[in-house]
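Structural features, examined
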Amino acid sequence: MTGVAVTADLDPTDAGALPRRGVWPGLRRRALFWVPVAGIVVLTVLTVAPGWVAGWFGNGDPRVCDLSSSADGPVAGHPFGFDRQGCDVYANVVHGTRASLTVGLTCTLIAFALAVLLGTLAGLRGGLADRVVSRVTDVFLGFPFLLGAIVVLNSFGERSVLSVSLALALFVWPAMARLVRSSVRSVRDAEFVQAARAMGFGTWRVVSRHVLPNAIGPVLAIATITVGQVIVAESTLTFLGLGLRSPAISWGLQLSNAQAQLQNAPHMLLFPSVFLAVTVFCLITLGDVLRDALDPRQR
Amino acid sequence: MTLDTRTTDPDVVLAVEDLHVEFVVEGRSHTAVRSASWELRRGEVLAVVGESGSGKSVSAMAVLGLLPRNARVTGHVRHGGRDLLTLAPRELRALRGAQISVVFQDPSAALDPVFTVGQQVVEVLRAHRPGMTRAEARARAVELFTLVDLPDPEARLRFYPHQLSGGQCQRVMIAMALACDPAVLIADEPTTALDVTVQQEVLDVLRALRGRVEASIVLITHDMGVVADLADRVVVMRHGEVVECAPVQELFDAPRAAYTRALLDAVPRRRPADARRAAAPAPGGTGAADRPVLLVEELVVEYRQRRGAVRAVDGVTLRVDRGEILALVGESGSGKSTIGRCALGLAPLTAGRVQVAGVQLGRDTPRAVRESRKRVGVVFQNPMASLNPRRTVADSVGEPLYVHSGLRGGALHARTGALLDSVELPGGWGGRYPHELSGGQRQRVAIARAIALDPELLIADEPTSALDVSVQATVLDLLADIQQRLGFACLFITHDLAVVGRLCDRVAVLAGGRLVEQGRLEQVLDAPADPYTRRLVAAAPVPDPREQARRRELRLAGAMA
């Protein structure tokens, strides 16, 4: 073999080792990572200590209301103004974070876990498991989402954050499961998965190390968007009188109350929507950044 | 162009002068073609040869204005007294297909599956010749199909692409490209996606065109055998530059550039028989007590499909002994890969017996079968696909050691480093990801992983066909070297007879799921008994223009008789 051809394969100029690039060093340098992280830290503080934050302007109790200032705009001490009952919007938005975020995250987590489990089963095994899972998701996807949730919630009777999350998760997982299934199917026959199976690795190892890490990306992206959708869905249910009930406080409740007053008191709709939008933005951006960071080809 | 004082030679139909192509990716520019110049003369076949990344395809696409938006092209491309690079998109579009046309690599992807091939040819004709009636276009289509030797052209017009073979599809593409009597036909790797015997058929058609139509042909290829078969003159490109330009015979007899020499040397050739025999550590007779490493008896593999079962392998019997390399040769669809996959437990075993490293698949317990996997290594065709993109090279190579040998921490690290070393990769590369390596380097990683557990049997499924020739040569040498050192048996699955001659001891030839011939290398390649094997051996182009011309004469004479 002559020299020219040999070096075509091994380029001597970059024979050295590259600096080790983990997930963290890559993340640390990106501004787009820190923005959503800051947002989520703020939201966590709101969830853990709403009373403290709500009290910053002197009117921290969301249930102290004065009907005489119904739907008034922002004044000193009440930066976000008042709602129809004359309650402080700022205190309500801050106190509503916990319920809204909990419903959004709980529901998405339950749906995600269910979707990954059943979707992987269907995508990997095929055959009977695939047919059963696919038909079940068909049935759920055939239901009108809200109608289904209404029926389920009515039969629950009790309305807690958990029951609302469960009812919503029941109708969120099928779409995700389908995504997991098709994603897993596309990776299942990849040569590196076949190589792993040919080397005699156990099914668990093949799935957890080779199939899922390469299949989960699109599902994670959808899951982060789902959190926002669920928070909105919860507000819709609440608007119909089926979600959380007063005296529970959630963004959904506030949004549904504010809709009727949009023209004469837009601030009632504006502030809860801004919080909702920022939350969804943070989660989606974080999801995007994490997905890129976890994929070595993007680093 | 008043400054241009060159006298334009009327015999030159296409001239590329000082062509530069740059791609701008994320603000940085990468040069793909660096001041390339060549000219195409009337009626000749000009081959543009190079390995991947040499800029051969890019320069041809630049001629047609078919490069993506982020490309910056400078220089001149002269055709019919005009500079194509200065033309407006509309003028260029009128030129494409009419004056200059292209044939792409994969014919089945280039044809629209929902229309008949006749409709597609007629569409091209009517697009460029608005005055043509339907009946005239049809008549012209029949004429074109006759030109490319499609049997029964009238009937073929009504066929859908899936009803034609790959070779016939490519002939339809050529017919379509010739529809408007172009002055230049650019064929971009026209036979690379095809089997050797089909490739032969398409090359014969292209060759015959020279007497029948006016078009000059630019043939872009990486295959020196194809060049030897078809070209009149050759342009060799490397790293975007033209390194040599010469008539074909001159190039093969006395290559001037060092790179051309290296490229020609890298084309796999038969190793002298004695050298190979000395390499084999334990030839044949090591006693009858020694069990074969792989034993396949009367194997039948059927895949169930919507409509009935497809029999991929039909009653194949073969064995691979300790320290031996058996080549399993066949064209696509012959079942060669299926046999390998079956031995790896990745394909259903419908009937027959498969015994791998002493364990019989389907009869011994799943546990024993899984145990036996430790003693089998595997290298797949596409090294990009066969390495998990999310894990580092060291993770991939170390995984079998982690799982099967229970190595951890420092011991694992040391062994992984040693393995990377044995495939001639720097040990520090363990932290890299597959996408950071070149094709040949990835295949080295795959080999390191396959030999991690010191296997008794290595199943290599087309390990070099996704690689450039020069890289292919080094990977084959490496494989031969490691095989000699570790003494494992190897089932080497390939479609390329030249590779077989370089590496293997025995050859088994498959066609249509059946074994047509099996024997020692010299016997099968030099004196093939089966007509199919004979055809296969004759169809593989060799990098020697005289030999190719002689073969074509023989073949055409045979066809006449």
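Criteria and thresholds
Residues numbered from 1 in each chain as written. Chains lettered and ligands numbered in written order. Predicted model: local features only at pLDDT ≥ 70, side-chain atom pairs only at ≥ 80, totals over all residues. Heavy atoms only, no water. Contact = heavy atoms within 4.5 Å. Buried area = accessible area lost by both parts, 1.4 Å probe. Salt bridge = Lys/Arg side-chain N within 4 Å of Asp/Glu carboxyl O. Core = buried A, V, L, I, M, F, W, Y, C linked by side-chain atoms within 4.5 Å. Buried < 20%, exposed > 50% of the residue type's maximum accessible area, 1.4 Å probe, protein only. Helix = DSSP H or I, 4+ residues; strand = E, 2+ residues; numbered from the N terminus. Pairing = 2+ DSSP bridges. Axes fitted to C-alpha atoms, helices over the stretch in contact; angles between N-to-C directions. Expected span 1.5 Å × (residues − 1).

1. Quick look at the interface of chain A and chain B
In this complex, chain A contributes 37 residues to the contact, which on the side of chain B involves 48 residues. Buried area between chain A and chain B, summed over both chains or domains, comes out near 3,800 Å², and the portion from carbon and sulfur atoms is 55%. The interface formed by chain A and chain B holds one salt bridge in total. Residue R205(A) pairs with E399(B) through a salt bridge whose shortest N-O separation is 2.8 Å.

2. Section: the nonpolar core
Residues and elements named next belong to chain B. Counting 61 residues, the largest nonpolar core has V172, L178, V227 and V234 as the members making the most contacts within it. If one sorts the elements of this core by residue count, helix 7 (residues 166-177) sits on top with seven residues. In this structure V227 touches A47, V49, T221, V234, V248 and F252, once residues within four positions along its chain are discounted. In terms of nonpolar packing, the next biggest core, distinct from the first, is built from 49 residues, V423, I451, A452 and L476 among them.

3. Remarks on the pairing of strand 11 (residues 294-304) of chain B
Residue and element names in this part refer to chain B. Direction of pairing for strand 11 relative to strand 12 (residues 309-320): antiparallel, over a ladder of nine bridges. The partner of V301 across the bridge, within strand 12, is V313. Between strand 11 and strand 12, which pair antiparallel in sequence order, lie four residues; one of them, G308, sits at a positive phi of approximately 70°. Bridge analysis of strand 11 against strand 14 (residues 351-356) gives five bridges, and the strand direction is antiparallel. Looking at the pairing, E297 lines up with R353 of strand 14.

4. Structural notes on the pattern of salt bridges
All names here are of chain B. The full count for this structure, using the stated rule, is 38 salt bridges over all chains. A salt bridge links D232 to R210; the nearest nitrogen and oxygen atoms lie 2.6 Å apart. Placement of D232 in the loop between helix 9 (224-230) and strand 9 (233-238) and of R210 in helix 8 (residues 196-212) is noted, with a sequence separation of 22 residues between them. Classification of D232 by relative accessible area gives partly exposed; the value is 23%. Between R256 and E244 there is a salt bridge; the shortest N-O distance is 3.9 Å. Here R256, found in the loop between helix 10 (248-253) and helix 11 (258-266), pairs with E244, found in strand 10 (residues 241-247); they are twelve residues apart in sequence, far enough to count as distant. Among the residues examined, R256 registers a relative accessible area of 54% and is labelled exposed. Linked through salt bridges whose partners overlap, the residues forming this network are D204, D229, R552 and R555.

5. Considering the sheet that holds strand 15 (residues 359-360) of chain B
All names here are of chain B. The strand order across the open sheet built from four strands is 12-11-14-15, with neighbouring strands paired in antiparallel fashion. Looking at the sheet topology across the chains shown, the edges are occupied by strand 12 and strand 15. Bridge analysis of strand 14 against strand 15 gives two bridges, and the strand direction is antiparallel. Bridge pairing in strand 15 places V356 opposite V359. On top of the sheet, helix 13 (residues 336-343) reaches strand 11, strand 12 and strand 14; it is set at about 110° to strand 11, its chief contact.

6. Quick word on helix 10 (residues 203-215) of chain A
For helix 10 of chain A, built from 13 residues, the straight-helix expectation of 18 Å at 1.5 Å per residue is missed by more than 12%, its first-to-last C-alpha distance being only 16 Å. Looking at the packing, one finds that the buried side of helix 10 of chain A touches helix 5 (89-125), helix 8 (161-188), helix 9 (191-198) and helix 11 (217-239) of chain A together with helix 15 (393-405) of chain B.

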